[in-house]
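# Observations on chain architecture
Listed below are the residues making up each chain.
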Amino acid sequence: MEATNDYLAGGLAELGIEADEVEMAVVGAAHQLFWPAILELLALDLAGVEPEPHPDLSQAP
Amino acid sequence: MSELDRPLREQAGAVAAGELDPAALLDEALARIEARNPAVNAVVATFPERSREMLAAAPEGPLHGVPVVIKDEWPLPWRAQRFGAAEMMRPVEPAASAPYRALRDAGAVIVGVGNMHEAGAGSTGNISVYEPARNPWNVDRCPGGSSSGPAAAVAAGLVAGAVGADGIGSIRFPAAYCGLTGLKPTFGRSALEGHHMAEITTMIVSGPLCADAADARLLGSVLCGEELAAGPPGRLRIGVIDGEVTEDVAPEVAAACETAIEQLRSESGGEVLKVEIADLPASALAAVLIANAESLDGISPERLNRLDPELSPIFRGFAKYRMLMPAAAALKAARVRDVMRRRVADVFDEVDLLAWPTVPAVAPPLEAPLVELPSGVLTADQANVRGAGLANLTGIPAISVPVGRDAEGLPIALQLQAAWGRDELLLDAAEALERANGREWVECRP
């Protein structure tokens, strides 16, 4: 928990972003919500998947 | 029955035939907004003189003389959009945006601007600089977001058609909560220019919110600048999947959607096929991450340090959190997009449609937008994005259609998705479903 708080508060401070107490509470809640899913996404094995160069989203790949 | 209660196409037909005076129709719409809007807060700006000028100059188009509402997401020549927020992250000015021009050239009369969830950043519509719009089916419930006002305006009978925008479900969620038909066209097919993110977004489209599929076809054709021609849907191969979008769903929603899928199968003489989309849950997060990354364009720490204090704390805090999201995740999200586009293309070799509930539960309370699912209690945003992100991530079209009501009378909706460019098939299928259920759900009014 301490590491999380350090990451959030420290990260914003390093970027020069100010956040009041309420905003920090939202930052913490967002982190709780997103971080586990982000870690899962990063762990997703997509090895061997070729990127689609310049995808045209109006059409099938 | 008031002329305003007739479908969009009938209003247009009656005006074209000289049976309905469009000036009287406009006056009626303005009067109805004045009478009914205080209860639903769907329309946040009217401009009667501008509307009358539009009518006076209206060409003989497919919507000649018909009043419509447009979401607070595009500029008009006399009004800059506010995006439902106390301030926007980039400067905006009044302008003739592409949706405005499409409506104008079709002869439509913009009678008001629709409310929306603050900065388009929510599926419920419960936060707005204008105070939230309210769901006409129960004014203590969320109307859905972010196109909350356009949906509430149509459901409340203020107009028969409204223009929304869909970045991650923002047409489909409010269509579902308000019992309407909402089309998210194929990416790039509908008018977008003039949107403040038009040059950046790979997610957002404009689209229609109407009572039924025929009206959505008419307004959608105007926005797409081409006729979304009607035709027989053929023997539909309807794809269904196992997974949280079909299983972690409130029982009444699941039952109504299963019934609708069977009705659609029977009506079209088609079949229901089980299909698989590996890693589907990752598509929702990938869509969110890409949308977040795109919204960071032009944002600096200095800019974030002078956010308007009237912005909601949720917006302010989340805008700052976005800066901490790892770049590797955004890149992985882009790779997930590549994979999902291929997998979805493969699925559409096997089936014509994918079908699952638009949202897993009916409209939650405005005061606490939480939904109770078999897996537990989730925020509506968490739950809703699961089934909506795929269409925006991959670019495919999707439609939300009403298919029932729960024990409290709140609308239940089914989402249909099709391959790129098959927007017409979605409308054909929606009309087939209406035939199959006797138009029971599209004829319902709050």
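Residues numbered from 1 in each chain as written. Chains lettered and ligands numbered in written order. Predicted model: local features only at pLDDT ≥ 70, side-chain atom pairs only at ≥ 80, totals over all residues. Heavy atoms only, no water.

### Regarding the overall build of chain B
To keep it simple, the criterion reads: Numbering goes from the N terminus for both helices and strands, where a helix is a DSSP run of H or I of at least four residues and a strand is a run of E of at least two. Note on method: radius of gyration uses C-alpha positions; expected globular size equals 2.2 Å times residues raised to 0.38. Only protein chains enter the area calculation, which uses a 1.4 Å probe; residues under 20% of their type maximum are buried, those over 50% are exposed, and those in between are partly exposed. Should any heavy atoms of two residues lie within 4.5 Å, those residues are considered in contact.
Summing up its helical and strand segments, chain B has 15 helices and 13 strands in all. For a compact globule of 446 residues, the expected C-alpha radius of gyration is about 22 Å, and chain B comes in at 20 Å, within 12% of that figure. Its C-alpha atoms give chain B principal-axis dimensions of about 60 × 55 × 40 Å. Residue burial in chain B is summarised as follows: out of 446 residues, 67% are buried. Considering only intrachain contacts with a sequence separation of at least 6, the fraction spanning at least 24 residues in chain B is 77%.

### Topic: the sheet that holds strand β2 (residues 67–71) of chain B
Residue and element names in this part refer to chain B. Quick reminder of the rule: Pairing between strands requires that DSSP locate at least two bridges from one strand to the other. For helices, the axis comes from a line fit to the C-alpha atoms of the stretch in contact; other axes are also lines fit to C-alpha atoms, and the angle between any two N-to-C directions lies between 0 and 180 degrees.
Ordered in space as β1-β3-β2-β4-β6-β5-β12-β13-β9-β7-β8, the 11 strands form an open sheet in which the pairing is mixed. The sheet terminates laterally at β1 (43–45) and β8 (271–274), the two strands that pair on one side only. Averaged over all pairs of adjacent strands, the angle between strand axes in this sheet comes to 35 degrees, irrespective of strand direction. Where strand β9 (residues 353–357) lies against strand β13 (residues 411–417), 4 bridges are found, and the strand directions are antiparallel. Paired with Pro357 across the two strands is Leu414, which belongs to β13.

### Remarks on the packing of aromatic side chains
The line we're drawing: Within 6.5 Å between ring centres, the rings of Phe, Tyr and Trp (the latter by its six-membered ring) count as paired, and their orientation is classed by plane angle as stacked under 30 degrees, edge-to-face over 60, tilted in between.
Summed over all chains, the structure comprises 5 aromatic pairs over all chains. Pairing B:Phe318 with B:Tyr321 gives two aromatic rings, centres 6.3 Å apart and planes at 40 degrees, and the pair type is tilted. Residue B:Phe318 and its partner B:Tyr321 are located together in helix α12 (residues 313–322), separated by 3 residues, close to a single helical turn. Grouping residues by exposure puts B:Phe318 and B:Tyr321 together as buried. Put simply, the rings of A:Phe34, B:Phe318 and B:Tyr321 touch in pairs and so form one group of aromatic residues.

### Remarks on the packing of helix α4 (residues 98–105) of chain B against helix α7 (residues 213–224) of chain B
Axis angle and axis distance: for two packed helices, these are the angle between their axes and the distance between the axes, and together they describe the pair. All names here are of chain B. Note the cut-off: Any angle that is under 35 degrees is reported as roughly parallel, and any over 145 degrees as roughly antiparallel; angles of 65 to 115 degrees are reported as roughly perpendicular and all others as oblique. In a left-handed crossing the near helix is turned counterclockwise from the far helix by less than a right angle, and in a right-handed crossing that turn is clockwise. In this classification, the charged set is Asp, Glu, Lys and Arg, the nonpolar set is Ala, Val, Leu, Ile, Met, Phe, Trp, Tyr, Cys and Pro, and all remaining amino acids, among them Gly, are polar.
Running from N to C, α4 and α7 point in directions that differ by 120 degrees, and their axes come no closer than 8 Å. Put simply, α4 runs oblique to α7. Viewed along their axes, α4 and α7 form a crossing whose handedness is right-handed. The segment α4 lies against α7, with Pro99, Ala102 and Leu103 engaging Leu219, Val222 and Leu223. Of the residues in the contact of α4 with α7, the class split is 6 nonpolar, no polar and no charged.

### Some words on the state of the cysteines
All names here are of chain B. Applicable threshold: To count as a disulfide, a pair of cysteine sulfur atoms needs to be within 2.5 Å.
Considering all chains together, one arrives at 0 disulfides over all chains under this definition. Cys224 supplies the cysteine sulfur nearest to Cys210, a cysteine that is in no disulfide, at a spacing of 12 Å. Cysteine Cys444 is unpaired, with the sulfur of Cys178 as its nearest cysteine sulfur at 14 Å.

### A look at helix α9 (residues 251–268) of chain B
Residues and elements named next belong to chain B. Formally: By this rule the span expected of a helix is its residue count minus one, scaled by 1.5 Å. In this description, one arc is meant: the one made by directions from the helix axis to the C-beta atoms.
Its 18 residues give α9 an end-to-end C-alpha distance of 26 Å, which sits within 8% of 26 Å, the value for a rise of 1.5 Å per residue. Of the residues making up α9, those classed as buried are Val253, Ala254, Ala256, Cys257, Ala260, Ile261, Leu264 and Ser268. Projected onto a plane normal to the axis of α9, the buried residues spread over an arc of 165 degrees and lie on a single side. Exposed residues pointing more than 90 degrees away from the buried face of α9 are listed as Pro251 and Glu258. Structurally, α9 contributes buried residues whose contacts are with β7 (237–240), β8, β9, β12 (398–405), β13 and α15 (423–436).

### Considering the nonpolar core
Residue and element names in this part refer to chain B. The condition that has to hold: The definition of a nonpolar core used throughout is a set of buried Ala, Val, Leu, Ile, Met, Phe, Trp, Tyr and Cys residues joined through side-chain atoms within 4.5 Å.
Leu353 and Leu414 are the most contacted members of the largest nonpolar core, which has 146 residues in total. Leu353 has contacts with Leu236, Arg237, Ile238, Gly239, Leu264, Phe348, Leu416, Gln417, Ala418, Leu425, Leu426 and Ala429, leaving out every residue within four places of it along the chain. Residues Leu25, Val109, Ala133 and Val154 belong to the second largest nonpolar core, which totals 31 residues.

### Concerning the pairing of strand β11 (residues 376–379) of chain B
Residue and element names in this part refer to chain B. Pairing analysis gives 4 bridges linking strand β10 (residues 370–373) to β11, with the strands arranged antiparallel. Pairing of Leu373 across the sheet is with Gly376, part of β11. What sits between β10 and β11 in their antiparallel hairpin is a turn of 2 residues.

### A few points about the confidence of the model for chain B
The criterion, for reference: pLDDT is defined as a per-residue confidence score from the predictor, taking values between 0 and 100.
Of all residues in chain B, 100% attain a pLDDT of 70 or more, and the chain-wide mean is 97. Overall fold confidence for the complex sits at a pTM of 0.98, while the interface term, ipTM, reaches 0.95.

### Describing the pattern of salt bridges
Note on pairing: side chains with opposite charge can pair once their charged atoms come close. Residue and element names in this part refer to chain B. Where we set the bar: Any carboxyl oxygen of Asp or Glu within 4 Å of a side-chain nitrogen of Lys or Arg constitutes a salt bridge here.
One pass over the structure, following the stated rule, counts 37 salt bridges over all chains. Between Glu3 and Arg6 there is a salt bridge, and its shortest N-O distance comes to 2.6 Å. The partly exposed category is assigned to Arg6, whose relative accessible area is 22%. Here the salt bridges share partners, and the residues they tie into one network are Arg9, Asp212, Asp215, Glu434, Arg439 and Glu443.

### Some thoughts on α12(B)
Across the 10 residues of α12(B), 8 count as buried, placing the element largely inside the fold. Turning to α12(B), its buried residues number three or more, namely B:Phe315, B:Arg316, B:Gly317, B:Phe318, B:Ala319, B:Lys320, B:Tyr321 and B:Arg322. Elements that come into contact with the buried residues of α12(B) comprise α1 (2–15) and α2 (21–43) of chain A together with α10 (280–295) and α11 (301–304) of chain B.

### Things to note about the interface of chain B and chain A
Counted only if it meets this: Throughout, the accessible surface (probe 1.4 Å) given up by two parts as they are put together, summed over both, is called the buried area. What qualifies as a polar contact is a pair of N or O atoms within 3.5 Å, subject to a donor-acceptor requirement within protein and to the restriction that residues adjacent in sequence count only when both atoms come from side chains.
Of the residues lining the interface, 39 residues belong to chain B; the matching set on chain A comes to 37 residues. Interface area, chain B with chain A, both sides summed: about 3,400 Å², of which 70% is carbon and sulfur. Joining chain B to chain A, the criterion identifies 4 salt bridges. In this structure, A:Glu52 engages B:Arg341 in a salt bridge whose closest nitrogen and oxygen atoms are separated by 2.7 Å. Inspection of the chain B/chain A interface yields 18 residue pairs in polar contact (both at pLDDT 80 or more). Of all elements in the fold, only α10, α11, α12, α13 (327–350) and α14 (380–394) of chain B reach the threshold of two or more residues within the side of chain B that touches chain A. For the side of chain B that touches chain A, the element with the highest residue contribution is α13(B), accounting for 12 residues.

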